[in-house]
There are 2 protein chains.
Amino acid sequence: MIIDCHGHYTTAPQALEDYRKRQLAELGAGTRAAAKGALAISDDQIRDSLEAAQLKMQRERGTDLTVFSPRASAMGHHLGNADANRYWAEHCNELIHRVCTLYPQNFAGVCQLPQVPGVRPDNCRAELERCVTQFGFIGCNLNPDPSGGWWTDPPLTDKWWYPLYEKLVELDVPAMIHVSASCNPNFHATGAHYINADTTAFMQLLAGDLFRDFPALKLIIPHGGGAVPYHWGRYRGLAQDMGRPPLAELLGENVFFDTCVYHRPGMELLLKVIPADNILFASEMVGAVRGIDPESGHHYDDTRRYIDAIDWLSADDRDKIFRRNVSRVYRRFDKRARGR
Amino acid sequence: MIIDCHGHYTTAPQALEDYRKRQLAELGAGTRAAAKGALAISDDQIRDSLEAAQLKMQRERGTDLTVFSPRASAMGHHLGNADANRYWAEHCNELIHRVCTLYPQNFAGVCQLPQVPGVRPDNCRAELERCVTQFGFIGCNLNPDPSGGWWTDPPLTDKWWYPLYEKLVELDVPAMIHVSASCNPNFHATGAHYINADTTAFMQLLAGDLFRDFPALKLIIPHGGGAVPYHWGRYRGLAQDMGRPPLAELLGENVFFDTCVYHRPGMELLLKVIPADNILFASEMVGAVRGIDPESGHHYDDTRRYIDAIDWLSADDRDKIFRRNVSRVYRRFDKRARGR
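Worth saying up front: this structure is predicted, and the values here are computed from it rather than measured. (Residues numbered from 1 in each chain as written. Chains lettered and ligands numbered in written order. Predicted model: local features only at pLDDT ≥ 70, side-chain atom pairs only at ≥ 80, totals over all residues. Heavy atoms only, no water.)

Chemist: Just to check I follow, could you spell out the overall build of chain A for this structure?
Modeler: Helices and strands together make up the secondary structure of chain A, namely 14 helices and eleven strands. Since a compact globule built from 340 residues should have a radius of gyration of about 20 Å, the 19 Å found for chain A is in line with a globular shape. Taken over the C-alpha atoms alone, chain A extends approximately 60 × 45 × 40 Å along its principal axes. The proportion of buried residues among the 340 residues of chain A is 61%. A separation of at least 24 residues holds for 77% of the contacts in chain A among residues at least 6 apart in sequence. Surface accessibility of chain A: about 11500 Å² in total, with carbon and sulfur atoms responsible for 50%. Each charge class in chain A can be summarised by its mean position, and for the 38 positive and 42 negative side chains these summaries are 2 Å apart. (Helix = DSSP H or I, 4+ residues; strand = E, 2+ residues; numbered from the N terminus. Rg over C-alpha atoms; globule rule 2.2 N^0.38 Å. Buried < 20%, exposed > 50% of the residue type's maximum accessible area, 1.4 Å probe, protein only. Contact = heavy atoms within 4.5 Å. Areas by Shrake-Rupley, 256 points an atom, 1.4 Å probe, with all protein chains shown as cover. Lys, Arg positive; Asp, Glu negative; His and termini not counted. Charge placed at Lys NZ, Arg CZ, Asp CG, Glu CD.)

Chemist: Whenever I open this one, the state of the cysteines confuses me. Can you help?
Modeler: In a disulfide, the sulfur atoms of two cysteines are covalently bonded to one another. Counting across every chain of the model gives zero disulfides over all chains. Between cysteine 111 of chain B, a free cysteine, and cysteine 131 of chain B, which holds the nearest cysteine sulfur, the sulfur-to-sulfur gap is 4.2 Å. (Disulfide = S-S within 2.5 Å.)

Chemist: What am I meant to see in the pattern of salt bridges here?
Modeler: Once the charged atoms of two side chains with opposite charge are near each other, the side chains can pair. Evaluated as defined, the whole model comprises 60 salt bridges over all chains. Two residues, arginine 86 of chain B and aspartate 83 of chain B, come together in a salt bridge whose shortest N-O distance is 3.5 Å. One end of the pair is arginine 86 of chain B and the other is aspartate 83 of chain B, both in helix α4 (residues 82-102) and three residues apart, which spans about a single turn. Residue classification places arginine 86 of chain B among the partly exposed positions, given a relative accessible area of 33%. Connected through shared salt-bridge partners, Lys36, Asp83, Arg86, Glu90, Glu94, Glu127 and Arg130 of chain A make up one network. (Salt bridge = Lys/Arg side-chain N within 4 Å of Asp/Glu carboxyl O.)

Chemist: Before we go on, may I ask you to explain the nonpolar core in this structure?
Modeler: What tends to happen in soluble globular proteins is that the nonpolar side chains get buried as a cluster. With 202 residues, the main nonpolar core has Phe202 and Tyr330 of chain A together with Phe202 and Tyr330 of chain B as its most contacted residues. Once you skip the residues sitting within four places of it in the chain, tyrosine 330 of chain B turns out to touch Cys5, Val67, Val110, Ile138, Pro174, Met176, Ile220 and Leu280 of chain B. If you look at the next biggest cluster of nonpolar residues, it comprises 14 residues, including Ala72 and Phe187 of chain A together with Met75 and Phe187 of chain B. (Core = buried A, V, L, I, M, F, W, Y, C linked by side-chain atoms within 4.5 Å.)

Chemist: Sorry, what's going on with the confidence of the model for chain A here?
Modeler: In regions of low pLDDT, the predicted coordinates are not meant to be interpreted in detail. Looking at chain A as a whole, the pLDDT averages 96, with 98% of positions reaching at least 70. Interface predicted TM-score (ipTM) for the complex: 0.97; the corresponding pTM is 0.98. (pLDDT = per-residue confidence, 0-100.)

Chemist: When you look at the side chain of asparagine 184 of chain B in this model, what are you seeing that I'm missing?
Modeler: As for its placement among the helices and strands, asparagine 184 of chain B is situated in the loop between β6 (175-177) and α7 (189-207). Given the relative accessible area of 1%, asparagine 184 of chain B is considered buried. Side-chain polar atoms of asparagine 184 of chain B contact the backbone oxygen of glycine 149 of chain B, separated by 3.1 Å. Not counting the four nearest positions on each side in its chain, asparagine 184 of chain B is found in contact with Trp150 and Trp151 of chain A together with Gly148, Gly149 and Trp150 of chain B. (Polar contact = N/O pair within 3.5 Å; in protein donor to acceptor, adjacent residues only side chain to side chain.)

Chemist: Would you mind showing me how to read the interface of chain A and chain B here?
Modeler: Interface size is commonly expressed as the accessible surface area that is lost when the partners come together. Contacts between the two partners involve 58 residues from chain A and, on the opposite side, 58 residues from chain B. Of the roughly 4600 Å² buried at the junction of chain A and chain B (both faces included), carbon and sulfur atoms supply 54%. Area buried by chain A at its contact with chain B is led by Asn186, Tyr230 and Arg234 of chain A, which between them contribute 19% of it. In this structure, the connection of chain A to chain B is made through four salt bridges. Note that glutamate 295 of chain B is salt-bridged to arginine 236 of chain A, the shortest N-O span being 3.4 Å. Scanning the region where chain A abuts chain B turns up 36 residue pairs in polar contact (both at pLDDT 80 or more). Secondary structure elements with two or more residues in the side of chain A that touches chain B: α7 (189-207), α9 (232-241), α11 (264-273) and β10 (292-293) of chain A. Residue contributions to the side of chain A that touches chain B peak at ten residues, all from α7 of chain A. (Buried area = accessible area lost by both parts, 1.4 Å probe.)

Chemist: For this particular structure, what's the right way to read the packing of α4 of chain B against helix α5 (residues 125-134) of chain B?
Modeler: How two helices pack is summed up by the angle between their axes together with the distance between the axes. Residue and element names in this part refer to chain B. Their axes nearest at 11 Å, the elements α4 and α5 cross at an angle of 10°. As judged from the angle between their axes, α4 and α5 are roughly parallel. Contact residues: α4 offers Ala89, Glu90, Asn93 and Glu94, while α5 offers Glu127, Arg130 and Cys131. Looking at the contact of α4 with α5 residue by residue, the class counts come to two nonpolar, one polar and four charged. (Axes fitted to C-alpha atoms, helices over the stretch in contact; angles between N-to-C directions. Parallel < 35°, antiparallel > 145°, perpendicular 65-115°, else oblique. Nonpolar A, V, L, I, M, F, W, Y, C, P; charged D, E, K, R; others polar.)

Chemist: Looking at this structure, I do not really get helix α1 (residues 14-29) of chain A. What am I missing?
Modeler: In an α-helix there are 3.6 residues to a turn, and that puts residues three or four apart on one side. Residue and element names in this part refer to chain A. Over its 16 residues, α1 runs 22 Å from end to end, which matches the ideal 22 Å to within 8%, given 1.5 Å per residue. All of the buried residues in α1 are Leu16, Tyr19, Arg20 and Gln23. Within α1, the buried residues cover an arc of 90° as seen down the axis, which keeps them to one side. Seen from the buried face of α1, the exposed residues on the opposite side, beyond 90 degrees, are Lys21, Gly28 and Ala29. Looking at the buried side of α1, the elements it contacts are α4 (82-102). (Expected span 1.5 Å × (residues − 1). Arc of directions from axis to C-beta.)

Chemist: What exactly am I supposed to notice about the relation of the copies chain A and chain B here?
Modeler: Two copies of a chain can be linked by a rotation about an axis combined with a shift along that same axis. By a simple turn and slide, chain A fits onto chain B: the slide is 0.0 Å along the axis, the RMSD is 0.0 Å, and the turn is 180°. Read as a symmetry element, the transformation amounts to a two-fold axis. For chain A, the smallest separation between a C-alpha atom and the rotation axis is recorded for alanine 227 of chain A, amounting to 2.1 Å. (Least-squares fit on C-alpha atoms with pLDDT ≥ 70 in both.)

Chemist: Can you walk me through the pairing of strand β8 (residues 255-258) of chain B in this structure?
Modeler: Regular strands place their side chains on alternate faces of the sheet. All names here are of chain B. Burial of the side chains of β8 extends over both faces: Val255 and Phe257 are buried on one face and Phe256 and Asp258 on the other. Of the pairings in the sheet, the one linking strand β7 (residues 219-221) to β8 comprises three bridges and is parallel in character. For isoleucine 220, the partnering residue across the bridge sits in β8 and is phenylalanine 256. Direction of pairing for β8 relative to strand β9 (residues 279-280): parallel, over a ladder of two bridges. If you follow phenylalanine 257 over to β9, its bridge partner there is isoleucine 279. Taken together, β8, helix α11 (residues 264-273) and β9 constitute a β-α-β crossover, and its handedness is right-handed. (Pairing = 2+ DSSP bridges. Right-handed = clockwise from strand over helix to strand, strands pointing away.)

Chemist: What should I look at first to understand unusual backbone geometry in this one?
Modeler: Note: most peptide bonds trans; most residues except glycine with negative phi. Residue and element names in this part refer to chain A. Along the chain, methionine 285 connects to valine 286 via a cis peptide bond; the corresponding omega equals -5°. With respect to the helices and strands, valine 286 occurs in the loop between β9 (279-280) and β10. Of note in this structure, aspartate 172 is not a glycine but carries a positive phi near 65°. On the basis of relative accessible area, aspartate 172 is assigned to the partly exposed category, the value being 27%.

Chemist: I keep staring at the sheet that holds strand β1 (residues 3-9) of chain B and nothing clicks. Help me out?
Modeler: Note on sheets: strands pair through backbone hydrogen bonds, and any given pair is parallel or antiparallel. All names here are of chain B. If you walk across this open sheet you meet the three strands as β1-β2-β3, and the pairing is parallel. The two strands at the open ends of the sheet, each matched to only one other strand, are β1 and β3 (107-109). Each neighbouring strand pair of the sheet contributes to a mean axis angle of 35°, computed without reference to strand direction. Taken together, the five bridges between β1 and strand β2 (residues 65-70) define a ladder with parallel strand orientation. Paired with tyrosine 9 across the bridge in β2 is proline 70. Packed onto the sheet, α4 meets β1, β2 and β3 and runs at close to 160° relative to β2.

Chemist: Whenever I open this one, the packing of aromatic side chains confuses me. Can you help?
Modeler: The geometry of an aromatic ring pair comes down to the distance between the two centres and the angle between the two planes. Using the criterion set out here, one finds 26 aromatic pairs over all chains in the structure. Ring geometry for phenylalanine 202 of chain B and tryptophan 232 of chain B: centres 6.0 Å apart, planes at 45°, overall tilted. Taken together, the residues phenylalanine 202 of chain B in helix α7 and tryptophan 232 of chain B in helix α9 (residues 232-241) connect sequence positions 30 residues apart. In this structure, phenylalanine 202 of chain B and tryptophan 232 of chain B share a single accessibility class: buried. Put simply, the rings of Tyr9, Phe68, Tyr103 and Phe107 of chain A pair up and form one aromatic cluster. The ring of phenylalanine 333 of chain A has arginine 336 of chain A sitting right over it, with the charged end atom 5.8 Å from the ring centre. (Phe/Tyr/Trp six-rings, centres within 6.5 Å; stacked < 30°, edge-to-face > 60°. Lys NZ or Arg CZ within 6 Å of the ring centre and 35° of its normal.)

Structure, rendered in structure tokens:
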């Protein structure tokens, strides 16, 4: 069994995007308070949106299940306000729940949080709890920069975030550290902001003592850990110069990287420098890069191929990365997988 | 001959830092307008500051010459004001000139620019010209985020920067894209801000048409290109999805990466995915990471060792990276090197 820990519902029916557009337009016009409103999407529309995309690719690539969350770039925590972002997160999460109910063997749910820049994430606890306890979701996406590229909230190691971490630990679910779109023209979303956020988050964790306060907290850093594995010597050296613990200790049972690295040399580097216990298979399909590499004839984001081609990877490590680590990190995964 | 294209004067005598502190304190107190003032540093103090550090390491590591600029983290464009930053840049550059005059065989000068957030870099042209034409400097460091971590100025492809690019092309010198310290608590300077800036700059160049307007402009992206080589497949795929030219074409005679990558797997990746024509040897010593790797017994930033150990690198490519590319990128290098 091969589990992809990082997929977003990027192919959701148009009505979803229309809902958000309308909501933000209404807010902008100031004509009335945001109300949750309804979303008219049929089960058949959901099936159609997945059959030709994520489900087809699962079959083609020989992967079994995707840990699935709302489209990251559309979370847009920097838009709207507390009410609007809550309704938006609720709709997005309810749609993921419907996906997981229609295809329990193919998807496990992860939720979007109703974050707002400058608002302490106490307001995210209820939606997280609802998704985990009522929908059977197994994690959440935590945006370390709800301002969308201006980085105006405190680092992840600040007590600001503790109310959310407390709830994560209580519910025994991990968070993937994942930004949304960038409204700062300096940062291309998927080409700079995503990768920068991964690098930034890791360095915050390296410099702080978050896991002393939350030893059971588990965080996944996506996109292969940003720049971190490539600069592993730099981070080892910085940790040493700063009198911090060795990086293997920092990772431990707390920090995990996914395999969203879209070429073989990068994947080899990741598997060489990061312990297999701290790597989770992922592709982020259908996501940031949709094309076919003319050099290989395969999709750039068909990450399974790069791993399959690495002959020095032991069968045991391969199994950890493809499957076993998921149960260690998403501790509700096995309970949840009713389809199997 | 081995040329290190990326070294900062991080060991400058204390009087330099004291000058800046006093200058900023005076500005803060608002008691008087900033005046340039004097810097009392003797030639012997300069010699002492280098003999036990950069020069010793050149000898130990078997490198010959360092392309040398003021301490990057101390540029602090987000501090001071236009006058203060100009005086500060002048002092820093004059000190580099003294270094290069004392040790013409060991150092070639690169200047700091008197940037100020929100100020178009017209104000940098005179100091750049002075350093190149009067001091024989061969390039400059260009800070893509003078705000120090808030990213409030436009992307590097914006016309905002064109007055500076015009002068760079006129003088036939390249710029290294290098941020300074971060005053945003989210970004550790050398562990996040530096690397993020490299990644950000590359993605800006990928998305824009800067080299159509400035075909002769040469930019060096330091720290091994940030996250870019590790995510080369992602960038190739993004360029393809966006209808941009292939990345090899973007690099061409315009974009170069240095080798400040502090472990062998990272260095191997860099040399594997980036054409040797676009890589310049560098270590950034004495810089961000100063310790000795207990696993190897050598300094993390002794980057020559990683390259020497890569047996599949051809002698020709090695020579390009260690030496020949410098003359292609720093086109005033050969004219300048009076010591040889």
